[in-house]
Amino acid sequence: MAVPQPLDSLGRPLGVLRLSLTARCNLACPYCLPDGQEPPGLLTLEQRLAVVAAAVALGAGSLRLTGGEPLLQPQLEALIAAVQPLRRQGLREIALTSNGTLLTAARARALRQAGLDRITLSLDGADGGSVARMAGLTDARAGARALDAVLAAIEHARNAGFDPAAGALKLNAVIQRGRNDDQLLPLAALARERGLELRLIEYMDVGNRNGWRPADVVSAAEMVERIGARWPLEALGRPGHGTAGRWRYRDGGGTVAVVASISAPFCGDCNRLRVTADGLAYTCLFAPAGSGLDLRPWLQEDRDAAELRQALAQLWQRRADRYSEERQQQINDGSDGEGEQEGPARHAEMAYLGG
Ligand code: SAM
Ligand code: SF4
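These lines cover the structure that appears in this document, whether it is placed above or below.

Analysis parameters
Residues numbered from 1 in each chain as written. Chains lettered and ligands numbered in written order. Predicted model: local features only at pLDDT ≥ 70, side-chain atom pairs only at ≥ 80, totals over all residues. Heavy atoms only, no water. Near = heavy atom within 4 Å. Polar contact = N/O pair within 3.5 Å; in protein donor to acceptor, adjacent residues only side chain to side chain. Areas by Shrake-Rupley, 256 points an atom, 1.4 Å probe, with all protein chains shown as cover. Helix = DSSP H or I, 4+ residues; strand = E, 2+ residues; numbered from the N terminus. Nonpolar A, V, L, I, M, F, W, Y, C, P; charged D, E, K, R; others polar. Buried < 20%, exposed > 50% of the residue type's maximum accessible area, 1.4 Å probe, protein only. Pairing = 2+ DSSP bridges. Right-handed = clockwise from strand over helix to strand, strands pointing away. Salt bridge = Lys/Arg side-chain N within 4 Å of Asp/Glu carboxyl O. Contact = heavy atoms within 4.5 Å. Axes fitted to C-alpha atoms, helices over the stretch in contact; angles between N-to-C directions.

In the vicinity of ligand 1, 19 residues are found, and the nearest of them are Tyr-31, Gly-68, Ser-122, Asn-172 and Met-204. The contact in question runs from a nitrogen atom of ligand 1 to an N or O atom on the backbone of Tyr-31, over 3.1 Å. Contact between ligand 1 and Glu-69: a nitrogen atom at 3.3 Å from a side-chain N or O atom of the residue. Within the complex, 95% of the 550 Å² of free accessible area of ligand 1 lies under protein. Contributing elements (two or more residues each) for the shell around ligand 1: β3 (93-98), β5 (169-175) and β6 (197-202). Residue composition of the shell around ligand 1, by class: 7 nonpolar, 10 polar and 2 charged.

In structure tokens, the structure reads:
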């Protein structure tokens, strides 16, 4: 029997499950600053499968696996293989976000074989110094090694069948003013040379550790203007429920995208549910720390799958989040958020929520 698909209190359907597999990471990007260790009570593979099944039944056609660094999770391929039968229930695509430094040729092939559709690799600089600065590495030599690993990972993924021309392989870059905004053109050139879409992300006020200030944000409009001055661009728009506005290089050099969650929030059609590695369900990336719904009571062996679906459906129906729009209103009203990260933990951390 088909399960009714819930709308939230603002009429938004559930479309995407972002499932974090670990809070740990092998890097320490200062804008993210992950925990060194896992929270207690990590979900098992079976519990994760149950969460994905419930979300798919409620309308999530897209599953994005993330972290922390998801390649640190040894059961990643097993989970991807285990969710394949859910394609018959409406799961259309399975994607992975990774920093790429651990993606060997064998791992890329294993992920493809398990049934992964898309990979997005994160890279915030095109030289060793910039990569080191953005990834929290000791020096430019360590940065150059990480950069080489990601460049190799791009080719491993491509060779394993993740075709950038079909949107199956993309590059993410967070841009921070004064730290790596000089990397805009080098990163765009790197992505163009490799036939990849570069997705430029505005630096966000996620978590409590990165000392975010509005002045550190390079707006999507500015990023587009700076890249467009070098390679003229034509707007393709933001697909419904998408996070990124896309642009086409007029010279045929592919596309570039910008995620403007600070300067042009897209809460209005946000369809994303986030579940942390320890089973807390959050309906907004900017939710207060600890406020997620703990799904573990519904994930015990004796519980019925319908109960978990119902708990998630109720959570989704109550959802009223529009944090980014409210933040922008505050900035427009003149209270620009400076110093707003002081005091008790306001937001859950990015590496915990999975971006
Ligand atoms: N470790 C993986 C990676 O880096 O791709 C997956 C997890 S990471 C939290 C997911 C995405 O969030 C990455 O593309 C990362 O650059 C982005 N991210 C992390 N902190 C951010 C912040 N403060 N503002 C904007 N994007 C951020
Ligand atoms: Fe790790 Fe990704 Fe966070 Fe960087 S952004 S510290 S790679 S989880």
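Attention now goes to the pairing of β3. Across the 6 residues of β3, 5 count as buried, placing the element largely inside the fold. Relative to β3, strand β2 (residues 62-66) is paired through 4 bridges, and the arrangement is parallel. Bridge pairing links Leu-65 to Leu-96 in β3. Crossover handedness for the path β2 to helix α2 (residues 76-83) to β3: right-handed. Two strands pair when backbone bridges link them, and β3 and strand β4 (residues 118-122) are joined in this way by 4 bridges, in the parallel orientation. Across the sheet, the residue bridging to Thr-97 is Thr-120, located in β4. In this fold, β3 hands off to helix α3 (residues 105-114), which returns the chain to β4; that crossover is right-handed.

This part takes up the pattern of salt bridges. Going through the model one piece at a time under the given rule, you end up with 23 salt bridges. Notably, a salt bridge pairs Asp-216 with Arg-213, separated by 2.7 Å at the nearest N-O pair. Among the charged side chains, a network of salt bridges with common partners joins Asp-8, Arg-12, Arg-319 and Asp-321.

Our focus in this paragraph is the sheet that holds β4. Pairing is mixed across the open sheet formed by 12 strands, whose spatial order is β7-β8-β9-β6-β5-β4-β3-β2-β1-β10-β11-β12. One side of each edge strand has no neighbouring strand; the edge strands of this open sheet are β7 (233-237) and β12 (293-294). Inspection of the sheet shows β6 paired to strand β9 (residues 255-259) by 4 bridges, in the parallel sense. By the bridge assignment for β9, Arg-199 is matched with Ala-257. The sheet contacts of helix α8 (residues 305-318) involve β10 (272-275), β11 (280-282) and β12, and relative to β10 the element is tilted by about 125°.

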